[in-house]
Amino acid sequence: MRRLRACLGAAAAVGLAAAGTTALVAGSASGATSALSNRWYAAAPYLMPLDNDPPDPAVIMDATGLKAFQLAFVLAPNGGGCSPTWGGTAAVSSDTAVQSVVNTIRAKGGDVSVSIGGYGGTKLGQVCSDAAATAAAYQQVITKYGLHAIDFDLEEPEYENTAAIKNEIGAAKILQQNNPGLYVSVTTAGTADGTGWFGKQMLLEAKSQGFTPNNFSIMPFDGGFNGAASQTGALTNFNQILQSTFGWDQATAYAHEGFSGMNGRSDTGEFFTQTDFQTVLDYATSHNMDRFTFWSLNRDRQCTPADNGGRTSGTCSSVAQSSWDFAKYSVKFAGATPPSSTPTPTPTPTPPSTGCKPAWSSTAVYTVGNEVSYNNHNWKAKWWTQNETPVASDWGVWQDEGAC
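Note that the coordinates shown come from a computational prediction; the quantities given were computed from them, not determined experimentally.

Examining the overall build of the protein
No. 1: Secondary structure summary: the protein contains 12 helices and 19 strands in total.
No. 2: Relative to its 404 residues, the protein shows a buried fraction of 55%.
No. 3: Counting only contacts in the protein whose residues sit at least 6 apart along the sequence, the fraction spanning at least 24 positions is 70%.

Have a look at this one:
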C-alpha cells in the first residue's frame, strides 16, 4: 500500500500528477516499465473487465483523460484452493482476456491496479492457510500483470471472519515489504459513524501487525445515506476513528483516508448524482485525502428503456448523465483536466409496471434464467441457487428486474 512515495502526502502527490511525473520501476513480463504517480492509482475507478458489459477502456481514456483503472475482482477458485482467479472462475495463471485489457490501457499511457475481494464470493484470506500463503497467491497477480498498485476490498462476508482478516492484513504487509513502491489501498464498508464494528476491528488488526497502507477507504453507500452531506459526514467521522486508532493527528489521518463511492443508484436505492460527486471531491481535495474512487465504470453511462432504468444496474447508473460523467471526477482528483463537453443527458427513463413472478421459495432450486418475485420486485437467477435471498448486488446470484 505505500511506503516511500506515499510518504509524500496527498498535496505533494497532486503536484506530481499535474507535472506528469512517473516513477521508473523494473520491467515485468507484462511489458510495464514505468508507474504512474500515486495520485492516479488513488483516483482509479473500478472496472469489471470480464462482467457487466465491460466498456472499452480506450474509449473512456479518450473521452475523459483517465489514465488508471481498478480492475475487479480477484477471488479464490469457486471449487476451492489457494490460487487467484477472476471472479472465482478464470485462473489468473492462464488469463489472456484481462491481460489484453491491461495491454490496451498501457498502450495509451495508462496503468491498472487490481482489487481483491469485494462483496460476496470466497476470498483468498478465507481459504489460504496463513498470511504468507495468502501473500504468495496475491504475488502471482502482481507478477503476472506487473502491478504497481493493489486494493484490498475487505467486506462481507470476509471482514466478519477474524482469521481471514488476519491473513489479508498480514498478506498486505508482506506484499508491501516485498514490492517496494507498491501502492496499497484497503477498502471497507462505510456507516454514518465512519465504519462499523467489523471495520474498526480490521483497523485494530492492522495496528497490531504494524501495517500502514497508503490509505484506508470507506464506501459510504448502501447504509441509509442520502446524498453528499451524509457522505462527507461519514468521512469526517472516519477521520476521527483513524486518529483514535493510530494516534495520528487530523492531517495525517486525512492523508491516509480514502473515499469509494457508488455512482447513480446504489444497491439499496440511494441516489448519488454528479453534483454529489463534485461536493465529495471538493471535500476530499480540501482535506488532502489520499483517495477518491467509485463503483463502477461499467455503470458510468445512461440507462436506456430496455435496461429498465430506475433500478440498480451493473451496466448503467439509473440517473441522467452523459457517458463517463463520473470518471471525470476521478480525473480531476488526479490533478488533470478532463476534456470539455456539453451534451445534454436525456431524462432517466421510468420503468414500466410489470406483474409479479411466482414468489421466491427458500427450499426451491433455481437455475439460470428462472424468475421469482420477492419484496415487490422481480428477480432472475444468474446461476444455480437454493436458499439465497434475492438482494440487489452486481455480483450476487440474483438480478433485480425491477418493481412489480
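Focus: the packing of aromatic side chains
Centre-to-centre distance and the angle between the planes together describe a pair of aromatic rings.
No. 1: Applying the stated criterion to the full structure yields 21 aromatic pairs.
No. 2: Ring plane angle 80° and centroid distance 6.4 Å describe the contact between F259 and F277, whose orientation is recorded as edge-to-face. In this pair, F259 is assigned in strand β11 (residues 257-262) and F277 in helix α11 (residues 274-286), connecting sequence segments 18 residues apart.
No. 3: For F259, a relative accessible area of 0% gives the class buried.
No. 4: Here F277 falls in the buried class, since its relative accessible area comes to 1%.
No. 5: Ring geometry for F277 and Y329: centres 6.0 Å apart, planes at 55°, overall tilted. Taken as a pair, F277 in helix α11 and Y329 in helix α12 (residues 327-333) lie far apart in primary sequence, 52 residues in all.

Considerations on the pattern of salt bridges
No. 1: Following the criterion strictly, the structure yields 5 salt bridges and no others.
No. 2: The partner of D62 in a salt bridge is K108, with the nearest N and O atoms 2.8 Å apart. Here D62 is found in helix α3 (residues 57-64), whereas its partner K108 is found in the loop between α4 (97-107) and β7 (111-117), with 46 residues between them in sequence.
No. 3: A relative accessible area of 55% places D62 in the exposed class.
No. 4: For K108, a relative accessible area of 39% translates into the label partly exposed.
No. 5: Linking D111 and R106 is a salt bridge whose minimum nitrogen-to-oxygen distance equals 2.8 Å.

Considerations on the packing of helix α8 (residues 197-208) against helix α9 (residues 228-246)
No. 1: Relative orientation of the contacting elements α8 and α9 amounts to 35°, with a least axis distance of 10 Å. In the crossing of α8 with α9, the sense of the turn from one axis to the other is right-handed. The segment α8 lies against α9, with K200, L203, L204, A206 and K207 engaging F238, I241, L242, T245 and F246.
No. 2: Considered class by class, the residues forming the contact of α8 with α9 number 7 nonpolar, 1 polar and 2 charged.

Notes on the state of the cysteines
Should the sulfur atoms of two cysteines be covalently bonded, the bond is a disulfide.
No. 1: Evaluation of the coordinates by the stated rule reveals 2 disulfides.
No. 2: Disulfide partner of C82: C128, at an S-S distance of 2.0 Å. Between C82 and C128, the S-S torsion sits near 100°, and that sign places the bridge as right-handed. Of this pair, C82 sits in the loop between β4 (68-75) and β5 (85-86) while C128 sits in the loop between α5 (124-127) and α6 (131-145), placing them 46 residues apart in sequence.
No. 3: Of the residues examined, C128 reaches a relative accessible area of 5% and is grouped as buried.
No. 4: Disulfide pairing places C303 opposite C316 at an S-S distance of 2.0 Å. Because the torsion about its S-S bond is 90°, the bridge between C303 and C316 counts as right-handed. Here C316 lies in the loop between β14 (291-295) and α12 and C303 lies in the loop between β14 and α12, a separation of 13 residues in the sequence. Grouping residues by exposure puts C303 and C316 together as buried.

Things to note about the sheet that holds strand β17 (residues 377-381)
No. 1: Spatially, 3 strands are ordered β16-β17-β19 in an open sheet, and the strand pairing comes out antiparallel. Two strands bound the open sheet, and with one partner strand each, they are β16 (371-374) and β19 (398-403). Taking each pair of neighbouring strands and ignoring which way they run, the sheet shows an average axis angle of 30°.
No. 2: Note: β17 against β19, 4 bridges, orientation antiparallel. Looking across to β19, one finds that A381 is bridged to W398.

What to know about α8
No. 1: Across its 12 residues, α8 extends 16 Å between first and last C-alpha, which sits within 8% of the 16 Å expected from 1.5 Å per residue.
No. 2: Among all positions of α8, only G199, M202, L203, E205 and A206 are buried. With its buried residues spanning 155° around the axis, α8 presents them on a single face. With respect to the buried face of α8, the exposed residues turned more than 90 degrees away are W197 and S208.
No. 3: Tucked inside the fold, the buried residues of α8 contact α7 (162-178), β9 (183-189), β10 (215-219) and α9.
No. 4: Looking one or two residues past α8, G210 carries a phi angle of roughly 70°, positive in sign.

Calculation rules
- Residues numbered from 1 in each chain as written.
- Predicted model: local features only at pLDDT ≥ 70, side-chain atom pairs only at ≥ 80, totals over all residues.
- Heavy atoms only, no water.
- Helix = DSSP H or I, 4+ residues; strand = E, 2+ residues; numbered from the N terminus.
- Buried < 20%, exposed > 50% of the residue type's maximum accessible area, 1.4 Å probe, protein only.
- Contact = heavy atoms within 4.5 Å.
- Phe/Tyr/Trp six-rings, centres within 6.5 Å; stacked < 30°, edge-to-face > 60°.
- Salt bridge = Lys/Arg side-chain N within 4 Å of Asp/Glu carboxyl O.
- Axes fitted to C-alpha atoms, helices over the stretch in contact; angles between N-to-C directions.
- Left-handed = near helix turned anticlockwise from the far one by under 90°.
- Nonpolar A, V, L, I, M, F, W, Y, C, P; charged D, E, K, R; others polar.
- Disulfide = S-S within 2.5 Å.
- Pairing = 2+ DSSP bridges.
- Expected span 1.5 Å × (residues − 1).
- Arc of directions from axis to C-beta.

In short, geometric facts, not functional conclusions.
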